[in-house]
Amino acid sequence: MSEGTMQRRAQREQPERAKRLTRVLVCAAAVPVMLVATGCSSDSGPDDGGGDKAASASASASPSPTVQAAAYRTLPEACRALSKKTLEDLAPKAKSGKEGGSDDVASRASCSWSSLDNNGVKGSQFRWLNVSLLRFESDTTRGPGDKLAQEYYDKQVREIRATPGAKGLNAQAVTGTGDEATAVRYDLKKKEGTFKQQTVVVRVENVVVTLDYNGAGLAGDKTPDAAALLADAKKAAKEAVLSVTRANGPAAASGSPSAPASGRPSAPASKAPSASASGKS
């Protein structure tokens with residue numbers, strides 16, 4: 001091969017080598033850039049995920065709403081809420097109490113006694129006694145049990161004062177019984193005679209006690225003394241309240257909640273039996 005030929009060949013190969021070298025340098029320079037980009041991407045991933053987890057954990061750690069536990073957790077047996085002596089005084093001819101229907105006796109209960117002292121042509125004395133107990137549990141949505149009982153107590157008093165056909169109605173506060181108490185008395189005329197109605201409504205903590213007591217002289221017998229009936233009704237109401245505190249033990253009787261608040265709503269209390277005057281025989 002002549003010298004001229006070799007020179008021309010070398011001249012042709014020199015640009016090709018230059019191009020290959022350029023491509024190698026470009027690729028070499030691109031590798032660190034890719035590594036840097038990959039490294040940045042790897043670092044940012046855990047931070048983003050960790051932030052979401054931290055926010056989720058923070059939301060989960062938020063405290064749940066709580067409410068003060070109700071003082072009283074149960075009710076006494078309604079038909080045993082009054083002593084034998086009290087029943088003999090207020091309803092002497094009653095053989096036994098009639099328990100009201102309830103699907104949860106720890107939340108609502110009632111019992112009634114009917115007494116008819118039949119003296120034939122000389123007339124008869126009728127007495128009807130009823131005690132209703134309604135307990136409210138604390139609820140994170142509706143509020144503390146004693147507040148719910150307060151609302152029901154006010155409603156009961158309003159409804160009794162609005163009894164249709166009531167004559168000579170009088171309402172008065174009663175002291176020394178529960179946290180608050182009201183006595184409402186009135187006359188209610190029926191075909192059998194005039195009934196003297198006494199109703200005492202008491203709230204003690206988260207329980208409302210409603211005691212109804214009425215009397216009438218039938219078949220020409222004399223009408224009973226309303227003041228005496230009211231005194232008996234107040235005494236019986238106070239006794240029923242005492243039975244509530246005793247049913248819940250020493251801690252409840254001293255005014256201390258029997259268990260810490262759980263913050264969980266309980267089943268809504270059922271509507272209490274009506275406490276309106278009935279004059280039933």
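Quick caveat, the model's predicted, so the values are computed rather than measured.

## Here's the deal with the sheet that holds strand β5 (residues 180-190)
Taken in spatial order, the seven strands line up as β1-β2-β3-β7-β6-β5-β4 in an open sheet, and their pairing is antiparallel. Each edge of the open sheet carries a strand with a single partner, namely β1 (98-99) and β4 (167-173). Here β4 runs beside β5; their pairing, made up of five bridges, is antiparallel. When the bridges of β5 are listed, Lys167 appears paired with Asp187. Across the sheet, helix α3 (residues 145-161) lies against β3 (124-135), β4, β5, β6 (193-204) and β7 (207-218), angled at about 165° from β6, the strand it touches most. The strands touched by helix α4 (residues 226-247) are β3, β4, β5, β6 and β7; relative to β6, the strand with the most contacts, the crossing angle is about 30°.

## Here we look at the environment of Leu211
Positionally, Leu211 belongs in strand β7. Setting aside residues no more than four positions away along its own chain, Leu211 makes contact with Leu82, Leu129, Asn130, Gln198, Thr199, Val200, Ala233, Ala236 and Ala237.

## Notes on the state of the cysteines
Evaluation of the coordinates by the stated rule reveals one disulfide. There is a disulfide in this structure between Cys79 and Cys111, and the S-S distance comes to 2.0 Å. Since a negative S-S torsion denotes a left-handed disulfide, the Cys79-Cys111 link at about 95° is right-handed. With Cys79 in the loop between α1 (3-60) and α2 (84-90) and Cys111 in strand β2 (residues 108-118), this residue pair connects regions lying 32 residues apart in the sequence. Given a relative accessible area of 27%, Cys79 falls into the partly exposed group.

## Details of the pairing of β2
The sheet contact formed by β1 and β2 spans two bridges and is antiparallel. In the strand pairing of β2, Glu99 is matched with Cys111. In terms of strand pairing, β2 meets β3 through 11 bridges, oriented antiparallel. Each bridged residue has a counterpart across the sheet, and for Asn118 the counterpart in β3 is Ser124. The loop that links β2 with its antiparallel partner β3 comprises five residues; one of these, Gly120, has a positive phi angle of about 65°.

## Focus: the nonpolar core
In terms of nonpolar packing, the biggest core is built from 32 residues, with Leu82, Trp113, Leu129, Val209 and Leu211 touching the most fellow members. Counting only elements with at least two residues in this core, the list comes to α2, β2, β3, β5, β6, β7 and α4. Looking at this core, the element that brings in the most residues is α4, giving eight residues. Leu129 has contacts with Leu82, Leu87, Leu90, Cys111, Ser112, Trp113, Leu211, Asp212 and Tyr213, leaving out every residue within four places of it along the chain.

## Quick word on the confidence of the model for the chain
For the chain, mean pLDDT is 79; residues scoring 70 or higher make up 66% of the total. For the chain, α1 is the element with the lowest average pLDDT, namely 50, and α3 is the one with the highest, namely 98. Of the regions scoring below 50 in pLDDT, residues 24-42 engages in zero contacts with residues more than four places distant in sequence or in other chains. In the predicted structure, residues 253-281 sits below a pLDDT of 50 and forms 60 contacts with residues beyond four places in sequence or in another chain.

## Observations regarding the packing of aromatic side chains
Inspection of the entire model under this criterion finds two aromatic pairs. Arranged with centres 5.7 Å apart and planes meeting at 50°, the rings of Phe136 and Tyr152 form a pair that is tilted. Of this pair, Phe136 sits in the loop between β3 and α3 while Tyr152 sits in helix α3; the two residues are 16 residues apart in sequence, bridging distant segments of the chain. The exposure classification of Phe136 matches that of Tyr152, with both residues buried.

## Thoughts on unusual backbone geometry
One non-glycine residue, Glu205, lies in positive phi territory at about 55°. Given a relative accessible area of 22%, Glu205 falls into the partly exposed group. At Ala219, a residue that is not glycine, the phi angle is positive and equals roughly 55°. Position of Ala219 relative to the elements: it lies in the loop between β7 and α4.

Definitions and cut-offs
- Residues numbered from 1 in each chain as written.
- Predicted model: local features only at pLDDT ≥ 70, side-chain atom pairs only at ≥ 80, totals over all residues.
- Heavy atoms only, no water.
- Pairing = 2+ DSSP bridges.
- Helix = DSSP H or I, 4+ residues; strand = E, 2+ residues; numbered from the N terminus.
- Contact = heavy atoms within 4.5 Å.
- Axes fitted to C-alpha atoms, helices over the stretch in contact; angles between N-to-C directions.
- Disulfide = S-S within 2.5 Å.
- Buried < 20%, exposed > 50% of the residue type's maximum accessible area, 1.4 Å probe, protein only.
- Core = buried A, V, L, I, M, F, W, Y, C linked by side-chain atoms within 4.5 Å.
- pLDDT = per-residue confidence, 0-100.
- Phe/Tyr/Trp six-rings, centres within 6.5 Å; stacked < 30°, edge-to-face > 60°.

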